[in-house]
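Remarks on the overall topology
So the chains spell out like this:
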Amino acid sequence: MSWSSSAIILLSASPKASLAGPSLSLNLNPLIIDINIIMSRKMKMKRRRNSVAVSGLQLQQLGVVGMGVVVGVAPTQSHSQSQSDSHIVQDDLDALLRILPCDLRDNLLNEPKIAQLLEVILDLGCFPEARYLGEFGRRYLRNTKVSMKELEHAQNAVGEFGGDNRAGIEGTLHRISAIRSTKGMIVGLTCRVGRAVSGHVDMIYDLLQPGVGKTTVMREIAHVLADEFHKRVVIVDTSNEIGGDGNIPHSAIGGARRMQVPDSSMQHAVMIEAVENHMPEVIMVDEIGTEAEAHACRSIAERGVMLIGTAHGQRLENIIKNPILSDLVGGVETVTLGDGEAQARNTQKTVLERQAPPTFHFLIEMRDRHYWVTHQTQKSVDILLRGKNPQVEVRKRNEKFKVVIEKSKAYDKCDP
C-alpha cells in the first residue's frame, strides 16, 4: 500500500478523562481522519494478546485491524500471519473472483502475488488489468480486450449499483465501482479487494482503556469495544465500508450494531438518531466532511457519547485550516491583542487564536502504518497558531515490531 499520504486520528476525552503525567491514560472519544484508504477489508476476527514492556510501561497488545498491511493471503477464506507473528489477514477472494471471466480468474489464482492483489480493472475495449500493493504501473491479465458480454456478466453477478455507482458483494468487504457512458451504460468496472488486517491498533491499545480509544482500524476497534470492553457500539455506515454490504453486517465488527444511511446527505441526521434512539456508548462514523456532520460530532461529544469517525485531512495543520472541520479542534478566530500582550508575545497585534474548546481532545497523525504522532489537541493548536512547534508523543514499531513510545519529541523533528 502506498503511504504517499498520511492519516490523522482525533481523540476526544469523555468527561471522566484524566492524564497521569505525560502518559495518556484516559477515557477517549476518538475521531479518526483518513486520507487515502486504498482498500476496504474483511475478516472474521482472530485476536491475540502480547504483553510488552516499553520504557517501564506494561502495554497490553491486541491484534486488530490495521491499515493496508497485506501478508500471506491465500485465495479462499484465507488467514495468515506476518513474520512478526502480529499481523493476521483474511479475505473472501473467491467471492470477488467469481464475478470475473473464467480465464482471468484462473490467471489470478496462479499468480504468486495474489496475496497483494489490490484491484482488477475491466474497461470496455481495453486489456484487463490487475494492480498489486507496492507495485507501480499496470499488469495486463491477457492479450484480448474486455467485451460488453463480460461486463454484463460481472454486473449481473454483483447486482444493483447504488446512486454513487458502487456495489458490494454481500457478506464481504469487496467493493465494485462502475464507470458509465453518457447514456448510463456500464463501460468499466473497478473490482477492489476487501481485506481486514490485524496488528496495528496495539499502537494505541492503551488509549482504549478503560473507555475507547480509520475505515480499517475502525472495524476491529468496533469489535474490541463491543466484545472486549462490552460497550454499546453503533456504527453509522454511510457507504457500507465498515460493516460490508447486505442487511447482515460483517462479522469483523463483532457485537457492534450497524445503522445504514440511505443517502450520504443524511449522515448527520442518522448520527443524531443513533444517539437519541439507541442509547449507544460509542458511535462510529465513516467520513465526516460537512458542516452539519461536524456540528453533529460536537453535539454527540457534549452528550458524553464516545465517537470514532473518518474524514479527509493529512496533518493537524490541515484540520486547523479547514473551515468545515476546524471546529473539531476548537476553530480559529482573528483576535486583536492589546499593546502589552502583543509585546509580551513578540507578535503583531492581530493574531489567530483557538475559538473554543476542541471537540476532540487528542489527535494522532498516522504518518505511516508504523509511525504515529500524538497531540494533545488544545495545546498543539495553540502553539501552532503562534508559529511554534509543540511537543508530541511518538508511537512507532522497532525492528522487532514491538510498539515503542517516545513521550516527548519536537513536532518538527518527527519523521518516520
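Definitions and limits used
- Residues numbered from 1 in each chain as written.
- Predicted model: local features only at pLDDT ≥ 70, side-chain atom pairs only at ≥ 80, totals over all residues.
- Heavy atoms only, no water.
- Pairing = 2+ DSSP bridges.
- Helix = DSSP H or I, 4+ residues; strand = E, 2+ residues; numbered from the N terminus.
- Contact = heavy atoms within 4.5 Å.
- Axes fitted to C-alpha atoms, helices over the stretch in contact; angles between N-to-C directions.
- Buried < 20%, exposed > 50% of the residue type's maximum accessible area, 1.4 Å probe, protein only.
- Salt bridge = Lys/Arg side-chain N within 4 Å of Asp/Glu carboxyl O.
- Core = buried A, V, L, I, M, F, W, Y, C linked by side-chain atoms within 4.5 Å.

Under an unreviewed UniProt entry, the name given to the protein is Stage III sporulation protein AA AAA+ ATPase domain-containing protein, and the source organism is Quercus rubra.

Ordered in space as β11-β10-β9-β14-β13-β12, the 6 strands form an open sheet in which the pairing is antiparallel. Sheet topology places β11 (139–140) and β12 (166–168) at the edges, where each strand pairs with a single neighbour. The pairing of strand β9 (residues 117–123) with strand β10 (residues 129–132) spans 4 bridges and is antiparallel. Looking across to β10, one finds that E119 is bridged to R131. The strands that helix α3 (residues 148–158) touches are β9, β12, β13 (175–180) and β14 (186–192); relative to β14, the one it contacts most, it runs at about 55°.

Among the structural elements, R98 can be located in the loop between α1 (93–97) and α2 (102–109). Among the residues examined, R98 registers a relative accessible area of 54% and is labelled exposed. Here the alpha-carbon distance between R98 and A154, two residues 56 residues apart in the chain, equals 8.6 Å. Setting aside residues no more than four positions away along its own chain, R98 makes contact with R105 and H153.

Taken in spatial order, the 4 strands make up an open sheet running β17-β16-β18-β19, and their pairing is parallel. Only two strands of the sheet have a single partner each, and these edge strands are β17 (257–260) and β19 (306–309). Pairwise comparison of adjacent strand axes, ignoring direction, gives a mean angle of 20° for this sheet. Alignment of strand β18 (residues 282–285) against β19, held across 4 bridges, turns out to be parallel. Each bridged residue has a counterpart across the sheet, and for I283 the counterpart in β19 is L307. Running at roughly 160° to strand β16 (residues 233–237), helix α5 (residues 267–278) makes contact with β16, β17 and β18 of the sheet.

Glancing now at the environment of L141. With respect to the element layout, L141 can be found in the loop between β11 and α3. Along the chain, L141 and P128 lie 13 residues apart, while their C-alpha atoms are 5.7 Å from each other. With sequence-adjacent residues up to four places away left out, L141 is seen in contact with L104, N107, L108, V120, P128, E129 and A130.

Most of β9 is tucked away, with 6 of its 7 residues classed as buried. Where β9 hands over to β10, the hairpin turn is made up of 5 residues, of which G125 adopts a positive phi near 75°. As defined by bridge partners, β9 adjoins β14 across 5 bridges and the pair is classed as antiparallel. Paired with L122 across the two strands is L189, which belongs to β14.

Here we take up the pattern of salt bridges. Tallying each qualifying case throughout the model produces 23 salt bridges. In this structure, E393 and R395 form a salt bridge, with 2.8 Å as the shortest nitrogen-oxygen distance. Each member of the pair, E393 as well as R395, carries the same accessibility label: buried.

This next bit is on the nonpolar core. V236 and I283 are the most contacted members of the largest nonpolar core, which totals 34 residues. Broken down by secondary-structure element, the contributors of at least two residues to this core are β16, α5, β18, α6 (291–302), α7 (316–321), β23 (371–376), α9 (377–385) and β24 (391–397). Here the element with the most residues in this core is α5; it accounts for 5 residues. In this structure, I283 is in contact with V234, V236, M271, A274, V275, I300, V305, M306, L307 and I308, ignoring residues within four places of it in sequence. L104, L108, V120 and I169 belong to the second largest nonpolar core, which has 28 residues in total.

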